[in-house]
Amino acid sequence: SSGINAEYGGINAEYGMYEEALEQTCQQIILTSQHPRTSIQVIAQIESEDGSLLAVMKNALCLALMDAGLPMKAMFAAVSCVQLENDELAWDPTLDQEDEATAKFTIVYECTKNHAIFVNCTGVTSVEQYVLVLQKGRQVAEEVFSFYRESFEKLLRRDVKFQMLLPPIIKDEIVEPE
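Colleague: Can you break down the environment of R138 residue by residue, with the values?
Modeller: Within the secondary structure, R138 sits in helix α4 (residues 127-165). Sequence-wise, R138 and H115 are 23 residues apart; in three dimensions their C-alpha atoms are separated by 7.7 Å. Ignoring sequence-local partners within four residues, the contact set of R138 consists of Y109 and N114.

Dropping the structure here:
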């Protein structure tokens, strides 16, 4: 199950769609067959918002699932884009750009085949522009995957350094230093 808690002013209809989108991604990605009697609860707490909220939430979900060690079919990365009035595309848009946009796109790519597993498009756009967004989105998603790799490499290096500082383990328990 999932839930969204907006700290700065209640829940609106758009957040209901976001909640469904997070739940759909969890159902697609998590290998639930390995944990048949397990309930997984995802809570997204929104502290502030400056655009690209659904993409941010999806990327945070992926990082949280990886950090928790839940088995997944693949990592995924979300990208957000808007089409402005002059048909120019703006990636990772701000709230102001979203308000001015003629179309908004959020696309989630999975890393193994780099194909879209989720697309949310609102507004008016051409088929050509939509295809362009999907193609360019793959490149932008690669940058997100690179960020994931760098983040987890740093985390693992820090964990290895921390483990080297731990006192000896006696009877499968960590002995606290005095």
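Colleague: Residues and numbers for the side chain of T106, please.
Modeller: Here T106 shows up in strand β5 (residues 103-110). Among the residues examined, T106 registers a relative accessible area of 9% and is labelled buried. Once residues lying within four places of it in the same chain are set aside, the contact partners of T106 are L54, A55, V79, S80, F118, V119 and N120.

Colleague: Account for the nonpolar core, with residues named and values stated.
Modeller: Formed by 40 residues in total, the largest nonpolar core has its most connected members in M72, F76 and Y148. Sort the elements by how many residues they give to this core and helix α2 (residues 53-68) lands first, with eight residues. Not counting residues up to four positions away in its chain, the partners in contact with M72 are I29, I30, L31, C62, L65 and M66.

About the thresholds
Residues numbered from 1 in each chain as written. Predicted model: local features only at pLDDT ≥ 70, side-chain atom pairs only at ≥ 80, totals over all residues. Heavy atoms only, no water. Helix = DSSP H or I, 4+ residues; strand = E, 2+ residues; numbered from the N terminus. Contact = heavy atoms within 4.5 Å. Buried < 20%, exposed > 50% of the residue type's maximum accessible area, 1.4 Å probe, protein only. Core = buried A, V, L, I, M, F, W, Y, C linked by side-chain atoms within 4.5 Å.

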